[in-house]
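In case you want the letters, here they are:
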Amino acid sequence: MVNSQRRDLIRRLSKRVESVHSATYFARPVGEAIAGTGVTHPSAIYFAGRAAPLGRVPASVVAATFYSFNPAYIRRFVPECWDTAAPETVHAARLAGVEQFLAGAFGPEAPGGRSPELPALAQHLVDALDPVLTALLPDGRTLFAAHQEALAPGVQAQDPAVQPFLDLWSAATLLREYRGDGHIGALVTHDLSGLEAIVLHCLTGTSFRPSAARKSRGWSEEEWNAAVESLRERGLVLGAGDEARITDEAAALREEIEQATDASVALSWEALSDERLAELDGQAKDFAKILVAQGAFPQKLFATGSGLTSREQADRA
């Protein structure tokens, strides 16, 4: 069994590494690159870009693997997006946009300049995480398996100077989707629907603002409030609407879910000692701080408790 200190260290390191992946969903170069394929609606860009490694799947598969999105909303864009651009075309556009974003975020022209040590730091992180990535098995992890297959050959940067950062993004993407698939399993076993899960997360004040989550995930205010009421009846929420807050019971439930998620990935991290994890955590924090300081995560979307909304909160990234 993993002790609590190691568990928390892996959880924190994962979040910081994953920020390199997550930031690309809000990056203009990525959106513009995918829009260049003809898939132009912002939600269609997100669904198509992230689902492309799955192939020409129907909306039901996207809903199942993304979990917290309204299936009816997804059906507005999937599978129609595949008639506009093949998954392989969308995936290639996504990678091109990611490279452009990373060059702007971490390259010589980045706001505030770039530390000359940054490429070497990225490469060091990638090399150190290789034993973890090698240990990731696709069993029962659909979205991860698709990305593992799509990224397995390695992503070749058009600009060699960006290669360490693109490799770091690839590693972050695989870690994110692997943990994400495990997290969905934990949510299911703890009897939380996709809507209930995102509602509960938002009500902690450490995630999206409720209005932003509703818009991006396609839930109406009535559907959202009905979920709040359902959670209230289960003793997980006090109050109503966006002003509701989670109870101690809900906080304990969320921690149980996070620990179950931690357990689902723990084996893959066995190759790294606690000392090594602490070292990598500090290095990953540098990249997360850069992204937060640059405003890679739009303030209007995230609650102040997320640690993603200002320079002052960059240390919490």
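Residues numbered from 1 in each chain as written. Predicted model: local features only at pLDDT ≥ 70, side-chain atom pairs only at ≥ 80, totals over all residues. Heavy atoms only, no water.

## Focus on the side chain of Arg217
So, step 1. By the element assignment, Arg217 lies in helix H12 (residues 210-217).
So, step 2. Buried charge without a salt bridge: Arg217, with Glu177 as the nearest opposite-charge side chain at an N-O distance of 11 Å. (Helix = DSSP H or I, 4+ residues; strand = E, 2+ residues; numbered from the N terminus. Buried < 20%, exposed > 50% of the residue type's maximum accessible area, 1.4 Å probe, protein only. Lys, Arg positive; Asp, Glu negative; His and termini not counted. Salt bridge = Lys/Arg side-chain N within 4 Å of Asp/Glu carboxyl O.)

## Re the environment of Leu121
So, step 1. Here Leu121 is to be found in helix H8 (residues 118-134).
So, step 2. Here Leu121 is in contact with Gln283, Asp286 and Phe287, once residues within four sequence places are set aside. (Contact = heavy atoms within 4.5 Å.)

## Quick word on the confidence of the model for the protein chain
So, step 1. With 96% of its residues at a pLDDT of 70 or more, the protein chain has an overall mean of 94.
So, step 2. Considering only residues more than four positions removed or in separate chains, one finds that residues 311-316, a stretch of pLDDT under 50, has 12 contacts. (pLDDT = per-residue confidence, 0-100.)

## Things to note about the packing of helix H10 (residues 163-189) against helix H14 (residues 248-265)
So, step 1. Packing of H10 against H14 leaves a shortest axis separation of 8 Å and a crossing angle of 135 degrees. Judged by the angle between their axes, H10 and H14 are oblique. The crossing of H10 and H14 is right-handed. Counting all contacts with H10, which are made through Tyr178, Arg179, Gly182, His183, Ala186 and Leu187, the residues of H14 involved are Ile257, Glu258, Ala260, Thr261, Asp262, Ser264 and Val265.
So, step 2. Split by residue class, the contact of H10 with H14 holds six nonpolar, four polar and three charged. (Axes fitted to C-alpha atoms, helices over the stretch in contact; angles between N-to-C directions. Parallel < 35°, antiparallel > 145°, perpendicular 65-115°, else oblique. Left-handed = near helix turned anticlockwise from the far one by under 90°. Nonpolar A, V, L, I, M, F, W, Y, C, P; charged D, E, K, R; others polar.)

## Some remarks on the packing of aromatic side chains
What characterises a pair of aromatic rings is the spacing of the ring centres plus the angle enclosed by the ring planes.
So, step 1. Under the defined criterion, the tally for this structure stands at 17 aromatic pairs.
So, step 2. With 5.7 Å between their ring centres and 65 degrees between their planes, Tyr46 and Phe66 make a pair best called edge-to-face. Separated by 20 residues along the polypeptide, Tyr46 in helix H3 (residues 42-51) and Phe66 in helix H4 (residues 59-66) bring together distant segments of the chain.
So, step 3. Among the aromatic residues, those joined into a ring-pair cluster are Tyr25, Tyr46, Phe47, Phe66, Phe69, Tyr73 and Phe77.
So, step 4. Stacked on the ring of Trp224, the Lys or Arg Arg214 has its end atom at 5.4 Å from the ring centre. (Phe/Tyr/Trp six-rings, centres within 6.5 Å; stacked < 30°, edge-to-face > 60°. Lys NZ or Arg CZ within 6 Å of the ring centre and 35° of its normal.)

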